[in-house]
Amino acid sequence: MALNSYVTESFPRMTKVLLLLGLLMTSLHLTDAQIGVCYGTMADNLPPLEEVVELYSQNNFQRMRLYNPNPAALQALGSAGSNIQLMMGVSNDDLQNIAATQGNANKWVETYVMNYTKVKFRYIAVGNEVNLSSSLARFLLPAMKNINNAISAAGLDNQIKVSTAIDTGVLGTSYPPSAGSFRSEARSFLDPIISFLAENGAPLLVNIYPYFSYSANTQDISLDYALFTANEVMVQDGQLGYRNLFDSMVDAVYSALEEAGGDSMDIVVSESGWPSAGGTGATLDNARIYNTNLIQHVKGGTPKRPAKALETYVFAMFDENYRSAELDKHWGLFLPNKQSKYPLLCRIPTATQIVFSIE
């Protein structure tokens, strides 16, 4: 709804000023929350890349996650002169090649980073949810090290951090959050990665999905707890109280990191979202409630790390019709025709637009 729908001539001038200041503070708080949106491309009906970048900017999405080095997307980000910061992935299929030689990693960085000087790279996410029992697992850390060496050699190590994205399936214990720990069989895989990240001042990327925990256990997990709408503490963990499942999951990972020697590390939530169709509790209204509450909530941190904005990437920008499972097709904030599926609290006007609306 347009701002001038709220501001009428019957409002006293001071009320208008206070409303203006309030909206400006909301905009500042959104910036503090460090919200990004994942741009998945498993569809045949997505808009042109230039229009995608424009849609990010129009909705004040200041960060993008790209799962592979898509040259067209990089070109669009660079040519648009946008301020969008990018998390770019090294796909799982490329891990073995990147791990094989430093030269392969150098070529990757030169081709997809150095050749796009106008793109504001923030992270290189080497691998996404690499299964520790898969044949690719042994290539992950060597690939991360080689990419990091290439980034350092280019003089970009203070600008671009190298990490990897995990899911919460690597947790052996997640309840209560203070008892969070990684599965024993995952420790030999994760501990060297955690040490590498800590040494280089890089965060651990974690895909956090309360939806899957809720849909798998609706008998014990309430919808209010999953959607950030519980009006009381649902889990008391020592002195810390939890009103939502998202905080509990994030803090369980923090506890596991501490146990593994990564107590000084930060977490970046590299994916989180809620589907609008295709599964238990997957409705348009629930998706709206979860995603809008998520965007507002993460600016305040978690009970374990309060008053510290949690950088978070919403999954995803668009519905993707090439995904195989029906549930996986309906995570977008937008339809492929660029129409928003529901009102977004993150669509906050700039200061200039606010002043114009009030006049």
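Residues numbered from 1 in each chain as written. Predicted model: local features only at pLDDT ≥ 70, side-chain atom pairs only at ≥ 80, totals over all residues. Heavy atoms only, no water.

## What to know about the side chain of N244
So, point 1. Looking at the element boundaries, N244 is found in the loop between β10 (240-242) and α10 (245-259).
So, point 2. By relative accessible area, N244 is classed as buried at 5%.
So, point 3. Not counting residues within four places of it along the chain, the set of residues in contact with N244 comprises Y225, F228 and H297. (Helix = DSSP H or I, 4+ residues; strand = E, 2+ residues; numbered from the N terminus. Buried < 20%, exposed > 50% of the residue type's maximum accessible area, 1.4 Å probe, protein only. Contact = heavy atoms within 4.5 Å.)

## What about the pairing of strand β8 (residues 204-207)?
So, point 1. Of the two faces of β8, the one holding L204 and V206 and the one holding L205 and N207 are both buried throughout.
So, point 2. Where strand β5 (residues 161-167) lies against β8, 3 bridges are found, and the strand directions are parallel. Its bridge partner being in β8, D167 is matched across the sheet by N207.
So, point 3. Pairing geometry for β8 and strand β11 (residues 267-272), over 4 bridges, is parallel. Each residue of the ladder has a partner; that of L204, found in β11, is I267. (Pairing = 2+ DSSP bridges.)

## Quick word on the nonpolar core
So, point 1. If you look at the biggest cluster of nonpolar residues, it comprises 111 residues, and the most contacted ones within it are I124, V126, I147, F182 and F246.
So, point 2. Ignoring any residue separated from it by four or fewer positions in sequence, one finds V126 in contact with V90, L95, L140, A143, M144, I147, V162, S163 and T164. (Core = buried A, V, L, I, M, F, W, Y, C linked by side-chain atoms within 4.5 Å.)

## Observations regarding the environment of D263
So, point 1. Positionally, D263 belongs in the loop between α10 and β11.
So, point 2. Considering only alpha carbons, one finds D263 and A198, 65 residues apart in sequence, at a separation of 8.9 Å.
So, point 3. If we ignore the near neighbours within four places in the chain, the residues touching D263 are L257, E258 and R305.

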